[in-house]
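Structural features, examined
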Amino acid sequence: MKQTLLAEINSALEMVRKNNPLAPSITNTVTINFVANAQLACGGSAAMVYLADEGEMMAKISKSMYINMGTQFTCYPETLPRTAKACLENGNNWVLDPVGIGIGEQRENILKQFKNYKPKIVRANASEVIALASLWELTEKSENKVRGVDSTDEVISAKNAAEAIAKFTGGAVAVSGKTDLVTDGTTSVLCHGGSEYLPMITGAGCSLGGVCAVYANVTNPFYAALTATVLYNEASMNAEKISKGPGTFQSNFLDQIYSVSKNGIKDSNIEIIK
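What comes next is a walk through the structure. (Residues numbered from 1 in each chain as written. Predicted model: local features only at pLDDT ≥ 70, side-chain atom pairs only at ≥ 80, totals over all residues. Heavy atoms only, no water.)

Now for the side chain of Thr 183. Along the chain, the position of Thr 183 falls in strand E6 (residues 180–183). A distance of 2.8 Å separates polar atoms of two side chains, one belonging to Thr 183 and the other to Ser 188. If near-sequence neighbours (up to four positions away) are discounted, Thr 183 is found in contact with Ala 162, Glu 163, Ala 166, Gly 171, Ala 172, Val 173, Ser 188 and Phe 222. (Helix = DSSP H or I, 4+ residues; strand = E, 2+ residues; numbered from the N terminus. Polar contact = N/O pair within 3.5 Å; in protein donor to acceptor, adjacent residues only side chain to side chain. Contact = heavy atoms within 4.5 Å.)

Turning next to the packing of helix H2 (residues 32–41) against helix H10 (residues 246–263). For any two helices packed against each other, the geometry is given by the interaxial angle and the distance between the axes. Two numbers describe how H2 lies on H10: the axes approach to 8 Å, and their chain directions differ by 30 degrees. In terms of axis orientation, H2 runs roughly parallel to H10. Contact with H2, carried on its side by Phe 34, Asn 37, Ala 38 and Ala 41, involves Gln 250, Phe 253, Leu 254, Ile 257, Tyr 258 and Ser 261 of H10 and no other residues of that element. Split by residue class, the contact of H2 with H10 holds seven nonpolar, three polar and no charged. (Axes fitted to C-alpha atoms, helices over the stretch in contact; angles between N-to-C directions. Parallel < 35°, antiparallel > 145°, perpendicular 65-115°, else oblique. Nonpolar A, V, L, I, M, F, W, Y, C, P; charged D, E, K, R; others polar.)

Turning to helix H4 (residues 76–89), a few remarks are in order. An ideal rise of 1.5 Å per residue puts 20 Å on 14 residues; H4 measures up with 19 Å between its terminal C-alpha atoms. The set of residues buried in H4 consists of Tyr 76, Thr 79, Leu 80, Pro 81, Thr 83, Ala 84, Ala 86 and Cys 87. Contacts made by the buried residues of H4 are with strand E1 (25–26), helix H3 (52–61), strand E2 (64–68), strand E3 (93–97) and helix H5 (105–114). Just beyond H4, the residue with positive phi is Gly 91, at close to 65 degrees. (Expected span 1.5 Å × (residues − 1). Buried < 20%, exposed > 50% of the residue type's maximum accessible area, 1.4 Å probe, protein only.)

An order of E1-E2-E3-E4-E5-E6-E7-E8 is seen for the eight strands of this open sheet, with the pairing classed as mixed. Whereas interior strands pair on both sides, the edge strands pair on one side only; in this sheet they are E1 and strand E8 (270–272). Looking at chain direction, E2 and E3 are connected through five bridges and run parallel. For Asn 68, the partnering residue across the bridge sits in E3 and is Asp 97. Sitting on the sheet, helix H6 (residues 126–135) touches E3, strand E4 (121–125) and strand E5 (172–176), and the angle it makes with E4 is about 125 degrees. (Pairing = 2+ DSSP bridges.)

This is the structure:
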């Protein structure tokens, strides 16, 4: 089974390099540059939009799209639901990062609407996944607390919530943490690796969502999320070895995303748990 997963991962890496697919984003203003650079480094093409008509247009011309809830604007109660609706109508494999869930009425109302538009990949930390499953009434009401963009829960504690979301959407969920979890509701995989520097740079999680969207152009949601997650673990481990701190790590990390995605992955520390 592991060899099958690795074969699918390497196939996705190669197909993106060959086809340079477009994965537009509506994303956190703090991380726009890093999201775009990561998408370009792995072989994809990036475009950033804000307005509702632009979001709808991008959903029609692209096979995938990335919506990140990080920085909210007054236009987003119109832009985000209209874009998500267009993604659903056009069969677009869109990716949701529900960052900041639980902060503010506007954010919560938009996330509630997203239940109707079923994102094909949810990329989040454990606390956000638990909170989203609760908000969508897929699990019992959650009492966990999300601290800004940080998780207060362990990844494995979000397994049931992640599987519930994946089964509901018919897609996949990638839970990020010290050890990552990727699931389609039937198959669940732990991905070991990463770097202690990842939480010290702005945009690691956001850019991972954008890279998930790139791979969602060429494979199904589960393999797209798994490919992006394994790529990030491999690239960050390599980057840490040659970095002096978070600053040099961020630059080296982008270089390694490029290198690993280009050269492929011969082995990876992934563990099938279901």
